[in-house]
Amino acid sequence: MLIEEGRADEAGPYQQRVIELARERAGDRPDHYEAKHLMAATQYELAGSLNASGRHEEALAALHEAQLGYTELSDAGVLDATSFLADVRARRAMTQAHRGYGATAVLEMDGAVIAYGQLVGGEEGIQHQPDFARVLAMNALILRRYGDPDLAVASADAATQLFLQLADQINANPQSLSYARYLCSSTAVSADVHAAEGRLDLALEADEIGLTTADTLADSESATDLRTLVSALTRKGKHLGIVGRVIEGETCLRTAVATDPETAARVSEELDRGIPPSLTTALENAEIKLGPYEQYYRLMALSEPAPGMTLATVSGRTDPESAAVRATELAELVRPMMPYDSETALTLGLEAHYLFAISSERESHRMRYETSTYAPIWAQVLLDISEAYHAAGQTEMALDLAGWSAEVATALMPFTMTNGEVKDLAGACYRHHGDLLAATGDFTASQHAHDAAQQLQH
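The numbering scheme is per chain: residues are counted from 1 as the chain's sequence reads. Local features are withheld for residues below a pLDDT of 70 in this predicted model, meaning they are given only at 70 or higher, and side-chain atom pairs are given and counted only at 80 or more; totals for whole chains, interfaces and linings count all residues. With hydrogens and water stripped out, all remaining heavy atoms of the structure feed into the side-chain values.

Student: I'd love a proper account of the overall build of the protein chain, names of residues and values included.
Tutor: Segments assigned H or I by DSSP are reported as helices when at least four residues long, segments assigned E as strands when at least two residues long, and all are numbered from the N terminus. Assigned secondary structure in the protein chain consists of 23 helices and 0 strands. With the principal axes as the frame, the protein chain shows a C-alpha extent of 65 × 65 × 45 Å. Type-normalised accessible area, obtained with a 1.4 Å probe on protein chains alone, sets the label of each residue: buried when under 20%, exposed when over 50%, and partly exposed for intermediate values. Burial statistics for the protein chain: of 458 residues in total, 53% are counted as buried. Should any heavy atoms of two residues lie within 4.5 Å, those residues are considered in contact. Once local pairs closer than 6 in sequence are excluded, the contacts in the protein chain between residues at least 24 apart make up 65%. Charge assignment in this entry is limited to Lys and Arg as positive and Asp and Glu as negative, and neither His nor the chain termini are counted. Working definition for charges: the position is that of NZ of Lys, CZ of Arg, CG of Asp or CD of Glu. Within the protein chain, one finds 34 positive and 67 negative side-chain charges whose respective centroids are separated by 2 Å.

As structure tokens, then:
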């Protein structure tokens, strides 16, 4: 009830008690599946409450427990855990995004969207549709901030359409308020990106849906829902101003500021900051700065969906085998672009990382059997963009990417014996990760990373 009212931060103590009781009930009985299911489900809900209280590290630990529980039930054959595990990934993605680990968030969310896409295409697809819309809305939020805005708006528009189609089914659902909140977040992303790209008719359409929904939600008297209404008013006010409907726009903005000046200011600032460059824009910028390059058209094709895919996720861009090749071609542009336009270089570098990671997770032939070709390129691009984020003062993103670079360095270990360059690269990845861990006060982990770098010298 507290969660449904938007007061998730208050629910934690009750959830902790449920977990204790379920643990007692399960006791030493490995076959007490009902208690184990309750425990996993409550760990998942607890993570939401911990996130609402800003306790993200504890939320990740709770999600890890939930994942273990669902995997155990799935392995025992008592539960098809596909949707539960997808939800764990989605919530973990949001948790990582809250703590600024955006690269990890994008990839976790990608996995959740793909899993729900398969469920919706299955025999019981209809029952999964509302949650598919929810996960698409979450995906849009994360991509808006840490990925390609073109993917973000595709995901947001798909979520909005699905929510509207399912309105009757959702309104009859006990979690209807929760779905309405996700509809507001998807329309906000749609409006932001469409407006930034000059498609103001589509932006205002999304604003209208978002504002109508937020207005209904605000009756709940939850502080969160009131902030959502103020955000929607601010967005619409700004967009009306741009299309010349100045008086209507000012009315919206005045109402927003009078209701919650802090939220109105924050949303205004976010809109003024704009959106990061899309992959298409970054590739165009690279051609302007570096001159024509051979891989331009092959990379531009990534902005069209792969056969059988819709383009709302990075993995929808291409198949896992091609992903490693396209990632390599993107990586080649990162260093040359860095002195001219670091924002473009970071976009190209992140997209290369996402494609490498997806190719690796899907266990493509190239990433498994041609590791010595592709992993060094992946490690180098991670190191370069992590250093650039660190230089720009974005410590969390730098640390996230440094963690990835250390993982890839570990995969390079078999090749460090025979290849001096690879040995130096792996050492650089470990040292960089160690330095950033020390800068954030995690001296134990920092020492481990520096020890790993040191061992390479022997």
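Student: Would you mind going over the pattern of salt bridges in detail, with residue names and values included?
Tutor: By definition, a salt bridge exists where a carboxyl oxygen of Asp or Glu is found within 4 Å of a side-chain nitrogen of Lys or Arg. Counted by the stated rule, this structure contains 28 salt bridges. We note a salt bridge from Glu363 to Arg368, for which the minimum N-O separation is 3.9 Å. The network of salt bridges with shared partners includes Arg89, Arg92, Glu108, Asp110, Glu361 and Arg362.

Student: Please set out the confidence of the model for the protein chain residue by residue, giving values where relevant.
Tutor: When pLDDT is averaged along the protein chain, the result is 87; 92% of the residues meet or exceed 70. Values of pLDDT, the confidence the predictor places in each residue, fall between 0 and 100. Mean pLDDT values over the elements of the protein chain span from 56, in helix 1 (residues 12-26), up to 95, in helix 17 (residues 342-361). Confidence over residues 1-5 falls short of pLDDT 50; this stretch has 18 contacts with residues more than four positions distant or in other chains.

Student: So what about the domain arrangement of the protein chain? Which residues, and what values?
Tutor: Quite often, the size of an interface is put as the accessible area lost when its parts meet. These domain boundaries are the output of an automatic or database domain assignment. Split by domain assignment, the protein chain resolves into domain 1 (80-273) and domain 2 (281-456). The gap between the C-alpha centroids of domain 1 and domain 2 is 29 Å. Counting residues at the interface gives 21 residues for domain 1 and 21 residues for domain 2. At the boundary of domain 1 with domain 2, total buried surface from both sides reaches about 1600 Å², with 60% on carbon and sulfur atoms. Counting every contact that joins domain 1 to domain 2 gives 3 salt bridges. Buried area is understood as the total, over both parts, of accessible area removed when two parts are fitted together, assessed with a 1.4 Å probe.

Student: Please provide a residue-by-residue account of the packing of aromatic side chains, values included.
Tutor: Only Phe, Tyr and Trp rings are paired, with Trp represented by its six-membered ring, and only when their centres lie within 6.5 Å; those with planes under 30 degrees apart are stacked, over 60 edge-to-face, the remainder tilted. Under the definition given, this model contains 6 aromatic pairs. With a centroid separation of 4.8 Å and 20° between ring planes, the pair formed by Tyr70 and Phe84 is classed as stacked. Highlighted residues: Tyr70 in helix 3 (residues 56-75) and Phe84 in helix 4 (residues 82-98), separated in sequence by 14 residues. Judged by relative accessible area, which is 25%, Phe84 ranks as partly exposed. Both rings, one in Tyr296 and one in Tyr297, keep their centres 5.0 Å apart while their planes meet at 85°; by these two values the pair is edge-to-face.

Student: A description of the side chain of Lys236 should follow, citing residues and the corresponding values.
Tutor: Structurally, the position occupied by Lys236 is in helix 11 (residues 223-242). Ignoring sequence-local partners within four residues, the contact set of Lys236 consists of Leu204, Asp207, Glu208, Leu211 and Cys252.

Student: Describe the nonpolar core, and please don't skip the residues or the numbers.
Tutor: Judged by nonpolar contacts, the single largest core of 100 residues is most densely connected at Ile142, Leu283, Leu330, Leu348 and Trp378. Both domains that furnish three or more residues to this core are identified here as domain 1 (80-273) and domain 2 (281-456). Ignoring anything within four residues of it in the chain, the contact list for Leu348 reads Leu279, Ala282, Leu283, Ala286, Leu330, Leu333, Val334 and Met337. Take the buried Ala, Val, Leu, Ile, Met, Phe, Trp, Tyr and Cys residues and link them wherever side-chain atoms come within 4.5 Å; each set so joined is a nonpolar core. Counting residues in each nonpolar core, the second largest holds 15 residues, with Leu217, Ala232, Leu233 and Leu240 among its members.

Student: Requested: an account of helix 13 (residues 261-273), with residues and values cited.
Tutor: Residues spaced three or four apart along an α-helix face the same direction, because each turn holds 3.6 residues. Given a rise of 1.5 Å per residue, 13 residues ought to cover 18 Å, and the 18 Å separating the end C-alpha atoms of helix 13 matches this to within 8%. Within the span of helix 13, buried status applies to Thr263, Ala264, Val267 and Ser268. Looking straight down helix 13, one finds that the buried residues subtend no more than 135° of arc, so they occupy a single side. Turned more than 90 degrees from where helix 13 packs its buried face, Pro261, Glu262, Glu269, Asp272 and Arg273 sit exposed. Taken together, the buried residues of helix 13 touch helix 11 and helix 12 (246-259). A helix's residues, less one, multiplied by 1.5 Å, set its expected span. As used here, the arc belongs to the directions running from the helix axis to the C-beta atoms.

Student: Would you mind going over the environment of Gly117 in detail, with residue names and values included?
Tutor: For Gly117, the position within the fold is in helix 5 (residues 102-120). Judged by relative accessible area, Gly117 falls into the partly exposed class, the value being 31%. Sequence separation of Gly117 and Asp272 is 155 residues, and the distance between their C-alpha atoms is 34 Å.

Student: A description of the packing of helix 19 (residues 371-391) against helix 20 (residues 395-411) should follow, citing residues and the corresponding values.
Tutor: Convention adopted: a line fitted to C-alpha atoms gives each axis, helices being fitted over their contacting stretch, and angles between N-to-C directions are expressed from 0 to 180 degrees. Put simply, helix 19 and helix 20 touch, their axes get as near as 8 Å, and they point 160° apart. Classified by the angle their axes make, helix 19 and helix 20 are roughly antiparallel. Two packed elements cross with a definite hand, and for helix 19 against helix 20 that hand is left-handed. Of the residues in helix 20, those touching helix 19 at Thr371, Ala375, Trp378, Ala379, Leu382, Leu383, Ile385, Ser386, Tyr389 and His390 are Met397, Ala398, Leu401, Ala402, Trp404, Ser405, Val408 and Ala411. Classification convention: Asp, Glu, Lys, Arg as charged; Ala, Val, Leu, Ile, Met, Phe, Trp, Tyr, Cys, Pro as nonpolar; all other residues, Gly among them, as polar. Grouping the constituent residues of the contact of helix 19 with helix 20 by class yields 14 nonpolar, 4 polar and no charged. Here the word oblique covers every angle except those under 35 degrees (roughly parallel), over 145 (roughly antiparallel) and from 65 to 115 (roughly perpendicular). Put simply, a crossing is left-handed when the front helix is turned counterclockwise from the back one by less than a right angle, and right-handed when it is turned clockwise.

Student: Account for the side chain of Arg235, with residues named and values stated.
Tutor: Considering the arrangement of structural elements, one finds Arg235 in helix 11. The contacts of Arg235, once residues within four sequence positions are left out, are Ala188, Ala191, Asp192, Asp207, Val267, Glu270 and Leu271.

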